[in-house]
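As a plain string of letters, each chain reads:
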Amino acid sequence: MSYLTKEKKSSIFTEFGGNAANTGSIEGQIALLTERISAISKHLQANKKDFSTHRGLMQLVGKRKRLLTYMSKHNLTGYRQLIEKLGIRK
C-alpha cells in the first residue's frame, strides 16, 4: 500500500501548483517533497535502525532545501506564503 496515491498527488498539485497537470511547478514539488518527508519521518520514528531510509530522507530534505533557495531568490513573496502554508521553517 502506497502512502502517496495518485489522488493525493493530484490534490497536492491542485492546491499548490494551480491544477493537477502542473506537476513542474516549484510550489507543487516542494509540497510533494514535504508530504514525503513527513511520511518517512513517521516511519523512522518506529524503525530507528533503518539507516538506508534515513539516507533517503536526508537526500529529500536537501532537494527541498535547494528548491526553497531557488524559490526565495526568484519569488520571495510566493516563498513566504508557501512556507507559511506548509508550516516549515520557524
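Residues numbered from 1 in each chain as written. Predicted model: local features only at pLDDT ≥ 70, side-chain atom pairs only at ≥ 80, totals over all residues. Heavy atoms only, no water.

Before going further, it helps to spend a moment on helix α2 (residues 26-46). A rise of 1.5 Å per residue sets the reference length of α2, with its 21 residues, at 30 Å; its end C-alpha atoms lie 31 Å apart and thus fit the reference within 8%. Among all positions of α2, only G28, I30, A31, L32, L33, T34, I37, I40 and L44 are buried. On its buried face, α2 is in contact with α1 (6-17), α3 (51-74) and α4 (76-86). (Helix = DSSP H or I, 4+ residues; strand = E, 2+ residues; numbered from the N terminus. Expected span 1.5 Å × (residues − 1). Buried < 20%, exposed > 50% of the residue type's maximum accessible area, 1.4 Å probe, protein only. Contact = heavy atoms within 4.5 Å.)

Moving on, we get to the packing of α3 against α4. Relative orientation of the contacting elements α3 and α4 amounts to 135°, with a least axis distance of 6 Å. Considering the angle they form, α3 stands oblique to α4. In this structure, α3 uses L68, M71, S72 and H74 to contact α4, whose residues at the interface are L76, G78, Y79, L82 and I83. In terms of residue class, the contact of α3 with α4 is made up of six nonpolar, three polar and no charged. (Axes fitted to C-alpha atoms, helices over the stretch in contact; angles between N-to-C directions. Parallel < 35°, antiparallel > 145°, perpendicular 65-115°, else oblique. Nonpolar A, V, L, I, M, F, W, Y, C, P; charged D, E, K, R; others polar.)

So, about α4. Of all the positions in α4, only G78, Y79, L82 and I83 are classed as buried. Summarising the axial view, the buried residues of α4 lie within an arc of 130°, below the 170-degree limit, and thus occupy one face. Counted as exposed and oriented over 90 degrees from the buried face of α4: T77, R80, Q81, E84 and K85. Tucked into the core, α4 has its buried residues touching α1, α2 and α3. Within two residues after α4, G87 carries a phi angle of roughly 75°, on the positive side. (Arc of directions from axis to C-beta.)

This part takes up the nonpolar core. By size, the foremost hydrophobic cluster in this structure holds 20 residues, and its most contacted members are I12, I30, L68 and L82. Contributions of two or more residues to this core are made by α1, α2, α3 and α4. For this core, the element with the most residues is α2, which contributes seven residues. Aside from chain neighbours lying at most four places away, what touches I12 is L4, G17, G28, A31, L32 and E35. (Core = buried A, V, L, I, M, F, W, Y, C linked by side-chain atoms within 4.5 Å.)

On to a positive patch on the surface, then. On the surface, K6, K9, R36, K63 and R66 cluster together into a patch of positive charge. Counting residues per element, the ones that place at least two in the positive patch are α1 and α3. Position of K63 relative to the elements: it lies in helix α3. (Patch = residues over 30% accessible without salt bridge, like charges linked within 9 Å, V, L, I, M, F, W, Y side chains within 5 Å. Areas by Shrake-Rupley, 256 points an atom, 1.4 Å probe, with all protein chains shown as cover. Salt bridge = Lys/Arg side-chain N within 4 Å of Asp/Glu carboxyl O. Lys, Arg positive; Asp, Glu negative; His and termini not counted. Charge placed at Lys NZ, Arg CZ, Asp CG, Glu CD.)

Relative to the helices and strands, R64 is located in helix α3. Buried R64, no salt bridge; nearest opposite-charge side chain is E35, N-O distance 9.6 Å. Excluding anything up to four places from it in sequence, R64 contacts I30, L33, T34, I37 and I88.

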